[in-house]
Amino acid sequence: MIRVAVAGAAGYIGGELLRLLLGHPEVEVVGAVSSRFPGKRIDSVHPNLRSVTDLTFCTAEQVGECDAVFLALPHGVAMTQIDHWTQRSKLVLDLTGDFRLDDTEVFRRYYGAEHQAPHLVGEFVPGLPELHRESVRTADLISVPGCMAVAGVLALYPLVARGLIDLEQGAQFDARTGSSGSGATAGPANLHAERSGAMRVFAPTGHRHEAEISRYLGLRAAMTATGVEAVRGVQTICHATLRPGVDKQAVRRAYREQYAEEPFVRVVAHQRGIFRYPDPKILLGSNFCDVGFALDEDNGRLTTIAALDNLVKGGAGNAVQCLNIRMGRPENLGLTFPGLHPV
């Protein structure tokens with residue numbers, strides 16, 4: 001059994017990690033760390049885990065040596081605690097934004113603070129198996145990308161990798177996200193009275209995931225982020241320009257070739273029907289990312305669409321997928337839930 005601990009276990013991502021790890025056939029959860037609820041039962045905070053476990057939350061100091069630690073801490077906290085956790089476990093999987101960027105100046109620009117562990121910036125392997133699977137196999141430090149970055153990158157990467165995109169034109173991403181993306185301790189903007197019925201642009205420019213997309217794709221990315229009336233789910237719409245001569249068949253072939261063997265990326269290419277384009281509604285609770293596209297061949301204008309559950313493929317599920325790869329287990333172990341319909 002793989003002995004694991006979760007730091008930040010009382011949050012939404014922490015709860016998803018516990019749900020997935022407690023159901024994983026080859027994992028034993030030996031620590032669920034919460035600074036707010038030490039000593040309280042896990043199911044008092046995550047009621048969906050009633051009768052699943054009798055574990056109680058613990059402090060960071062109560063966690064002994066284990067095989068892997070997941071950091072689901074608030075942004076800015078992981079980099080102040082990283083030395084503590086590397087002493088507890090050889091393998092650390094960070095789900096915060098602290099180690100997603102490999103440049104301290106870029107980090108300062110997007111996060112508005114100096115990095116507190118600059119010696120480790122660049123040491124973390126990106127936790128995106130579809131692009132970095134071989135690096136993940138041997139990594140001891142893994143940084144899971146942000147949810148909107150995962151969706152945006154997976155939607156455009158097959159075309160960038162094959163030189164089908166005009167990189168000089170860059171790409172414009174429009175991301176929509178549900179309220180769970182703000183976390184369990186979100187402020188007044190996430191009150192039901194303020195969020196219900198809203199389609200609120202909260203980051204018209206300079207969203208943090210923009211920097212991740214630029215890093216992974218090697219192009220100038222711009223992102224606008226909007227909060228919509230949903231609890232879970234992310235959908236990204238990307239506008240890019242194809243190189244001259246690239247047609248719909250070449251685009252479709254790029255997606256099919258890139259993702260033919262990927263267990264958690266599905267190419268959606270239906271001509272009709274309610275779900276002919278990627279929609280997060282049918283992905284809730286699953287580790288899938290659906291990708292699709294539309295093309296105006298007259299002017300080479302490409303629109304990509306991607307959808308995922310921000311707490312699973314955009315967070316906890318992606319981290320467990322990385323754990324499976326790193327530990328030599330089947331990649332889909334504990335991650336086979338397909339989502340629900342109708343919801």
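Summarised in this report is the structure supplied together with it.

Reading guide: rules and limits
- Residues numbered from 1 in each chain as written.
- Predicted model: local features only at pLDDT ≥ 70, side-chain atom pairs only at ≥ 80, totals over all residues.
- Heavy atoms only, no water.
- Buried < 20%, exposed > 50% of the residue type's maximum accessible area, 1.4 Å probe, protein only.
- Helix = DSSP H or I, 4+ residues; strand = E, 2+ residues; numbered from the N terminus.
- Arc of directions from axis to C-beta.
- Contact = heavy atoms within 4.5 Å.
- Polar contact = N/O pair within 3.5 Å; in protein donor to acceptor, adjacent residues only side chain to side chain.
- Disulfide = S-S within 2.5 Å.
- Pairing = 2+ DSSP bridges.
- Salt bridge = Lys/Arg side-chain N within 4 Å of Asp/Glu carboxyl O.
- Axes fitted to C-alpha atoms, helices over the stretch in contact; angles between N-to-C directions.
- 1 Å grid on protein atoms, 1.4 Å probe; cavity = no way out; pocket = protein on both sides within 12 Å on 5 of 7 lines; lining within 4 Å.
- Points joined across faces, edges and corners; volume = space filled by probe spheres on them.
- Nonpolar A, V, L, I, M, F, W, Y, C, P; charged D, E, K, R; others polar.

Next up on the list: helix α3 (residues 104-111). Every buried residue belonging to α3 is among Phe107, Tyr110 and Tyr111, and all of these are buried. Taken end-on, α3 shows its buried residues confined to a sector of 85 degrees, consistent with a single buried face. Tucked into the core, α3 has its buried residues touching α2 (78-88) and α7 (208-217). Capping the start of α3, Asp103 holds a side-chain oxygen 2.8 Å from the backbone nitrogen of Glu105, two or three residues further along. Positive backbone phi, approximately 70 degrees, marks Gly112, located one or two places after α3.

Let us look at the state of the cysteines. Considering all chains together, one arrives at 0 disulfides under this definition. Cys66 supplies the cysteine sulfur nearest to Cys58, a cysteine that is in no disulfide, at a spacing of 9.9 Å.

Moving on, we get to the pairing of strand β1 (residues 2-7). Burial of β1 is extensive: 5 of the 6 residues sit out of reach of the surface. In the sheet, β1 pairs with strand β2 (residues 27-33) via 6 bridges, with the strands oriented parallel. Paired with Ala7 across the bridge in β2 is Val33. Judged from the 4 bridges that link them, β1 and strand β3 (residues 66-71) form a sheet pairing that is parallel. Directly across from Val6, in β3, lies its bridge partner Phe70.

Glancing now at the pattern of salt bridges. If you walk through the whole model with that rule in mind, you get 18 salt bridges. We note a salt bridge from Asp43 to Arg41, for which the minimum N-O separation is 2.8 Å. Accessibility expressed as a relative area gives 36% for Arg41, which makes it partly exposed. Across the pair Arg162 and Glu257 runs a salt bridge whose closest N-O atoms are separated by 3.3 Å. Placement of the pair is Arg162 in the loop between α5 (147-161) and β7 (171-177) and Glu257 in helix α8 (residues 248-259), with a sequence separation of 95 residues. A relative accessible area of 32% means that Arg162 is categorised as partly exposed. Put simply, Glu16, Arg19, Arg232 and Asp309 are held in one network by salt bridges that share partners.

The strand order β8-β9-β7-β10-β13-β12-β11 describes an open sheet built from 7 strands, whose pairing is mixed. Looking along the sheet, the strands with just one partner apiece sit at the ends: β8 (200-203) and β11 (265-267). On average, each strand axis in the sheet is inclined to that of its neighbour by 25 degrees, with strand direction left out of account. Across 3 bridges, the pairing between β8 and strand β9 (residues 221-227) is antiparallel. In the sheet register, Arg200 faces β9, and the bridge partner there is Gly227.

Turning next to the side chain of Asn287. Tracing the sequence through the fold places Asn287 in the loop between β11 and β12 (289-296). Within polar-contact distance, the side chain of Asn287 engages the backbone nitrogen of Lys313 at 3.5 Å. Looking at Asn287, its side chain comes within polar contact range of the main-chain nitrogen of Asn318, at 3.3 Å. Excluding anything up to four places from it in sequence, Asn287 contacts Phe264, Val312, Lys313, Gly317, Asn318, Gln321, Leu335 and Phe337.

The linkage connecting His341 with the following residue, Pro342, adopts the cis geometry, with an omega of 0 degrees. Residue position: Pro342 is located in the segment after α9 (312-326). In this structure, Ser51 is a non-glycine residue whose phi angle is positive, near 70 degrees. Structurally, Ser51 can be placed in the loop between β2 and β3.

Let us now look at the layout of surface pockets. Taken as a whole, the second largest pocket holds about 350 Å³ of empty space. Around the second largest pocket, the lining comprises 20 residues; the ones closest to its centre are Tyr12, Ser180, Ala184, Val231 and Leu311. Tallied by class, the residues present in the lining of the second largest pocket amount to 9 nonpolar, 8 polar and 3 charged.

The next point concerns the sheet that holds strand β6 (residues 141-143). Pairing is parallel across the open sheet formed by 6 strands, whose spatial order is β2-β1-β3-β4-β6-β5. This sheet does not close on itself; its edge strands, each paired only once, are β2 and β5 (125-126). Note that strand β4 (residues 89-94) and β6 share 3 bridges and pair parallel. Note that in β6 the partner of Val92 across the bridge is Leu141.

In short, the description is geometric, and any link to function would need to be established separately.
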